[in-house]
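# Notes for the structure review
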Amino acid sequence: MNTAMKSVTMIAAGVAALAVSYSAFAQGAGAAASAGVYTDAQAGRGKAIYDAQCAACHGGTLAGADMSPPLAGGTFLANWSNQPLSELANRIRTTMPMDNPGTLSTAQTADVVAFILKSNGFKAGTTELPRNAQMMQQIKLDTPTGG
Amino acid sequence: MSRLTRRTALALPALAYLWSKVPALRAQTPTAGGKSTDWTTYGGDLANTRYSSLDQINADNFNDLEVAWRFKTTPFGPRPEFNLQVTPLVANGVMYTTAGARRAIVALDATNGEVLWSFRLDEGQRALNAPRRQSGRGLSYWTDGTQERILYVTIGYQLVCLDAKTGLRDPNFGENGVVDLKKNFDQDIDLETADVGLHATPCVAKDVVIVGAAHTAGNEPKTYKNVKGYVRGFDVRTGKRLWIFHTIPLKGEFGYDSWVDGTEEVGNAGVWAQISVDEELNLAYLPVELPTGDATGQHRRGDALFGESIVAVDLNTGVRKWHYQTVHHGLWDYDIPCAPILCDIPHNGKIVKAIAQPTKQCFLYVLDRETGKPVWPIPERKVPKGSVPDEWYSPTQPIPSKPAPYDVQGFREDILIDYTPELRAEAIRMMKNYKIGPMYTPPSVYERDGTWGTLTTPNLTGGTNWPGGSYDPETSILYVYSKSEADVMMSVHNTDFEKSDFEWVNMRQEPPRKPGEAPIERDGHKPGLLRVQGLPLVKPPYGRITAIDLKTGDFAWQVPHGETPDAIRNHPMLKGIKIPRTGQAGKVATLTTKTLVICGEPIVTTTAIGARGAMLRAYDKATGEEKGAVFMPAPQTGSPMTYMLNGTQYLVLAIGGGSYEAELIAFKLPV
């Protein structure tokens with residue numbers, strides 16, 4: 001790819017991101033997780049982090065165990081319903097993993113949140129979930145619509 | 001711990017009589033003027049009945065309850081905590097609780113939640129390495145009538161003894177108030193990294209402190225050569241070790257012969273649940289977990305005592321008097337998660353000193369606690385055999401004839417979701433990807449192009465988990481919450497020996513694929529994902545409370561516990577369908593009072609006015625009819641307790657979860 005093509009591609013990606021940002025945030029009332037707020041690639045990165053850092057306690061299917069709550073399914077969705085994704089990201093970032101809390105970067109945390117969304121049946125979109133907490137604060141966890 | 005004085009006993013002869021006869025009442029004796037009642041052990045008493053005879057809060061006024069005070073645990077650790085599992089204690093007007101991510105000890109004024117003192121032990125990396133972090137289930141109280149002590153186990157597995165009045169270390173106990181539980185353990189383990197800790201409280205009876213052990217959960221255990229979960233008794237005054245009970249017997253000890261390959265290497269078999277004690281019989285009842293491998297048993301072939309057994313040991317010596325194994329060579333992670341409940345029940349014309357053990361598998365095992373013999377017959381029944389290479393299968397399992405299982409067991413078509421014919425049809429298609437069978441059908445080998453393992457229910461977190469049950473000593477009725485959730489158990493040939501040294505491990509999701517293989521999917525179904533259009537695979541109730549009359553072994557009543565979750569009420573495929581209350585799946589326990597059974601909801605729902613929260617519900621203990629429900633801002637995470645102080649009854653429980661930081665919330669009636 002030559003430089004000009006790269007620039008075009010980057011501009012196109014930027015326009016696409018802006019378009020999604022607009023659709024996701026322009027209403028002012030904020031966006032919903034079901035609108036497609038992460039990408040499959042991001043969820044893939046999140047899965048790798050999850051498998052290495054989280055699965056030992058929360059399980060491969062995110063079903064939880066005797067001591068750890070589930071991260072997928074009805075109980076999880078109920079306890080986080082209508083909460084901003086920034087709250088979920090904040091809890092992960094400040095308290096997890098329990099043997100080494102505070103070590104995931106904001107980007108890694110966003111990736112893990114993307115994987116959790118995917119595991120709960122939220123469909124992927126074309127823009128990555130932002131690592132920026134103020135942006136994530138405007139996206140609420142609603143009801144998954146599949147994907 | 002008894003606080004009955006001669007004066008109060010004389011002043012209250014009827015209660016004094018009851019106190020002497022009913023173990024449940026011993027911990028709840030009135031203090032000055034009969035207007036105050038303590039709660040001095042985790043389960044309300046050493047029988048773990050979680051019962052109180054208080055009745056100021058009752059069916060007529062439950063809905064009037066107001067928040068008396070709150071205690072937020074956030075500052076008691078380097079980061080917030082969201083899953084506070086404590087049952088606090090109250091003695092002489094002071095509440096004692098564990099709190100926060102550091103597992104600090106805090107004394108509060110029980111009338112208003114004001115902090116009186118706090119204690120913290122910073123264990124650094126040792127705590128971060130521990131298998132049981134956070135604030136734990138609580139602490140223990142001891143008094144000889146003059147001195148008062150608070151004992152707890154730290155995250156890093158040290159037993160600490162504090163002066164209850166000041167929060168200062170007891171200089172006569174261990175080394176400056178601390179006994180390092182990783183030492184003097186009949187095995188050499190690394191003090192920083194060894195996989196042992198404890199979430200439960202120590203159990204203090206007479207002058208003995210009993211301490212169990214907990215380890216990392218093990219579907220894919222890192223190593224079968226793990227720490228052994230021996231149980232020890234210590235002198236409450238000095239911290240000196242009095243005894244040790246080898247939950248994995250040494251060569252020459254009773255039970256060793258039940259192991260095909262010896263016991264030298266394998267670990268676990270801890271007691272991570274609460275322990276019960278009958279001070280009159282001088283027996284402690286230890287509910288033991290599995291040896292290493294929660295769902296895979298290649299390194300513990302044989303019945304492997306004392307895995308998944310209740311063991312009665314002498315309180316002063318730790319010598320085994322009897323044991324009862326609830327599951328032989330378990331492969332389902334049905335280790336015993338909660339306190340056995342001691343109960344004196346009328347049976348065949350006499351009073352039997354019994355022990356009733358709720359379990360993940362939703363059998364209530366009722367035994368004579370003097371002998372370990374079943375009260376109702378528990379015959380050995382043949383169970384299906386599996387085909388995982390190197391695995392060992394018990395041909396039979398003990399199946400209680402009474403009481404009946406109090407929740408769904410095994411897997412069959414008629415337990416599948418049935419809101420609509422379409423959902424049922426999809427559930428059947430999903431089910432056909434797996435092996436199914438009756439209770440104790442073993443995990444099966446994952447075959448990418450065949451069946452994807454075995455479906456089970458209850459799942460490996462129960463049924464009933466650590467919160468356990470409650471018991472009414474006046475009516476001999478036991479109350480227990482349980483949940484109904486499907487699970488999958490796949491036996492997978494291990495390829496990652498860095499992760500686990502087991503040849504076969506248990507998984508609940510698609511195992512690692514070979515290079516070039518695409519993720520497997522059939523008809524939209526993926527291995528281990530057991531949701532149908534986002535809904536649970538099995539039909540409701542998802543959570544229920546069962547009242548079991550131990551006079552007869554029959555159910556007195558059974559009700560779904562918990563509002564129908566929002567995700568079901570608002571599901572697009574369920575529009576227009578009238579759905580009775582489904583109950584909620586979680587981990588909660590009941591409190592029984594003079595007239596009520598009280599239990600909070602385990603998950604958040606949205607109320608009619610749009611407020612998100614969870615309800616604290618009260619049921620008529622005789623009928624199960626709901627008598628009231630009080631709003632809480634977050635679900636129940638610790639089991640409720642109650643006490644009376646200067647004539648006012650308080651109801652206290654731990655709540656939190658989601659984005660709601662953990663707290664204790666105290667209710668009382670309006671003035």
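Residues numbered from 1 in each chain as written. Chains lettered and ligands numbered in written order. Predicted model: local features only at pLDDT ≥ 70, side-chain atom pairs only at ≥ 80, totals over all residues. Heavy atoms only, no water.

Glancing now at the overall build of chain B. What chain B contains, in helices and strands, is 6 helices and 40 strands. A globule of 671 residues ought to have a C-alpha radius of gyration of about 26 Å, and chain B, at 24 Å, matches this closely. The C-alpha extent of chain B, read off along each of the three principal axes, is 75 × 65 × 55 Å. Counting all 671 residues of chain B, 64% fall into the buried class. Relative to all contacts within chain B whose residues are 6 or more apart in sequence, the contacts with residues 24 or more apart total 63%. (Helix = DSSP H or I, 4+ residues; strand = E, 2+ residues; numbered from the N terminus. Rg over C-alpha atoms; globule rule 2.2 N^0.38 Å. Buried < 20%, exposed > 50% of the residue type's maximum accessible area, 1.4 Å probe, protein only. Contact = heavy atoms within 4.5 Å.)

At the junction of the two partners, chain A supplies 26 residues and chain B supplies 34 residues. Summed over both sides, the interface between chain A and chain B buries roughly 2,600 Å², with carbon and sulfur atoms accounting for 52% of that surface. When residues of chain A are sorted by the area they lose upon contact with chain B, Asp 66, Met 67 and Met 98 of chain A head the list and together hold 26% of the total. Scanning the region where chain A abuts chain B turns up 10 residue pairs in polar contact (both at pLDDT 80 or more). (Buried area = accessible area lost by both parts, 1.4 Å probe. Polar contact = N/O pair within 3.5 Å; in protein donor to acceptor, adjacent residues only side chain to side chain.)

All names here are of chain B. Burial analysis of strand β16 (residues 309–314) places 5 of its 6 residues in the buried class, which makes it a mostly covered element. As defined by bridge partners, strand β15 (residues 283–287) adjoins β16 across 5 bridges and the pair is classed as antiparallel. The residue bridging Tyr 285 from the neighbouring strand is Ala 312, located in β16. For β16 and strand β17 (residues 320–325), the ladder comprises 5 bridges, and the chain directions are antiparallel. Bridging from a neighbouring strand, Ile 310 pairs with Tyr 324 of β17. The loop that links β16 with its antiparallel partner β17 comprises 5 residues; one of these, Gly 318, has a positive phi angle of about 75°. (Pairing = 2+ DSSP bridges.)

Another aspect to go through is the pairing of strand β4 (residues 104–109) of chain B. Residues and elements named next belong to chain B. Counted residue by residue, β4 has 6 buried out of 6 residues, so it is predominantly covered. The alternating pattern of β4 places Ala 104, Val 106 and Leu 108 and Ile 105, Ala 107 and Asp 109 on opposite faces, both of which are buried. As paired strands, strand β3 (residues 94–99) and β4 are joined by 6 bridges and run antiparallel to one another. Paired with Thr 98 across the bridge in β4 is Ile 105. Sheet topology places β4 next to strand β5 (residues 115–119); 4 bridges connect them, and they run antiparallel. Of the residues in β5, the one forming a bridge with Ile 105 is Phe 119. Hairpin connection from β4 to β5: 5 residues lie between these consecutive antiparallel strands, with Gly 113 at a positive phi of about 80°.

Residue and element names in this part refer to chain B. With respect to the helices and strands, the residue Met 431 is situated in helix α5 (residues 421–431). When its relative accessible area of 6% is taken as the criterion, Met 431 is described as buried. Sequence separation of Met 431 and Arg 412 is 19 residues, and the distance between their C-alpha atoms is 8.9 Å. When sequence neighbours within four positions are dropped, the list of residues in contact with Met 431 reads Phe 411, Arg 412, Glu 413, Leu 416, Ile 436 and Leu 455.

In this structure the tally under the stated criterion is 0 disulfides over all chains. Lacking any disulfide linkage, Cys 54 of chain A is separated from the closest cysteine sulfur, that of Cys 57 of chain A, by 9.0 Å. Its relative accessible area of 15% is what places Cys 54 of chain A among the buried residues. Counting only cysteine sulfurs, Cys 338 of chain B is the nearest neighbor of Cys 343 of chain B, a cysteine outside any disulfide, at a range of 13 Å. Overall, the relative accessible area of 1% leaves Cys 343 of chain B in the buried class. (Disulfide = S-S within 2.5 Å.)

Inside soluble globular proteins, nonpolar side chains tend to come together where they are buried. All names here are of chain B. Residues Phe 62, Trp 69, Met 95, Tyr 96, Tyr 643 and Leu 664 are the most contacted members of the largest nonpolar core, which totals 57 residues. Counting residues per element, this core draws most heavily on strand β39 (residues 648–657), at 6 residues. In contact with Tyr 643, not counting residues within four places along its chain, are Thr 37, Leu 54, Trp 69, Val 90, Met 95, Ala 110, Thr 648, Gln 649, Tyr 650 and Val 652. (Core = buried A, V, L, I, M, F, W, Y, C linked by side-chain atoms within 4.5 Å.)

Right, let's get into the confidence of the model for chain A. Residue and element names in this part refer to chain A. Chain-level statistics for chain A give a pLDDT mean of 82 and a share of 79% at 70 or above. Mean pLDDT values for the elements of chain A range from 47 in helix α1 (residues 3–25) up to 96 in helix α6 (residues 106–119). Below a pLDDT of 50 lies the segment residues 13–28, which in the model reaches 11 contacts outside its immediate sequence neighbourhood of four places, other chains included. (pLDDT = per-residue confidence, 0-100.)

Attention now goes to the sheet that holds strand β26 (residues 477–483) of chain B. Residue and element names in this part refer to chain B. In spatial order, the strands read β25-β26-β31-β32; together these 4 strands make up an open sheet with antiparallel pairing. The outermost strands of the open sheet, each flanked by one partner alone, are β25 (469–472) and β32 (554–560). Pairs of neighbouring strands in the sheet enclose a mean axial angle of 20°, with direction left out of account. Pairing geometry for strand β31 (residues 543–549) and β32, over 6 bridges, is antiparallel. Residue pairing in the sheet places Thr 546 in a bridge with Gln 558 of β32. (Axes fitted to C-alpha atoms, helices over the stretch in contact; angles between N-to-C directions.)

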